[in-house]
Amino acid sequence: MAFVFMQMTESEKEEFIDATLPTDVTQMIDAFERLPADKRKKTIDDAMKNLKRAAEQGDTADSGGTVDTNSPAYLDPQLTQKAQTLGLKTFFSQSSPETKPSWPRS
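Residues numbered from 1 in each chain as written. Predicted model: local features only at pLDDT ≥ 70, side-chain atom pairs only at ≥ 80, totals over all residues. Heavy atoms only, no water.

A.B. asks: Tell me about the overall build of the protein, residues and numbers included.
C.D. replies: A count of helical and extended segments in the protein gives 4 helices and 0 strands. Ordering the α and β elements of the protein from the N terminus gives α-α-α-α. Counting across all 106 residues of the protein, residues that qualify as buried make up 17%. Element-wise, carbon and sulfur atoms account for 57% of the exposed surface of the protein, whose accessible area totals about 8100 Å². (Helix = DSSP H or I, 4+ residues; strand = E, 2+ residues; numbered from the N terminus. Buried < 20%, exposed > 50% of the residue type's maximum accessible area, 1.4 Å probe, protein only. Areas by Shrake-Rupley, 256 points an atom, 1.4 Å probe, with all protein chains shown as cover.)

Take a look at the structure:
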């Protein structure tokens, strides 16, 4: 799938994200909400650790060279921002109050 995505034009990538992301996020929310509270907490804690580690290491998506089907596909910054915004809008409109984080998070 990542290889096919990499071959799409930016316009095709945008159409694909618009068509699939809200459904994908909704499915993730449903699966996440079915987890017991302790597993949800562990999942979020692990994700936060991974984000911090990636930020410290300066991880970025590789836009050239060989294609690793397990690594994220490269998106231009505008499309990345659009996908993030669409994903967050879907999350905050579709998830239950119990799933939404309380801010600030410790």
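A.B. asks: Lay out the nonpolar core with the relevant residues and their values.
C.D. replies: General note: in soluble globular proteins, nonpolar side chains tend to be found buried as a group. The biggest cluster of nonpolar side chains holds 9 residues, and these are Phe5, Ile17, Leu21, Val25, Ile29, Leu75, Leu79, Ala83 and Phe91. Those elements that provide at least two residues to this core are helix 2 (10–34) and helix 4 (77–94). At 4 residues, helix 2 tops the list of elements feeding residues into this core. Not counting chain neighbours up to four residues away, the residues in contact with Ile29 comprise Thr90, Phe91, Gln94 and Ser95. (Core = buried A, V, L, I, M, F, W, Y, C linked by side-chain atoms within 4.5 Å. Contact = heavy atoms within 4.5 Å.)

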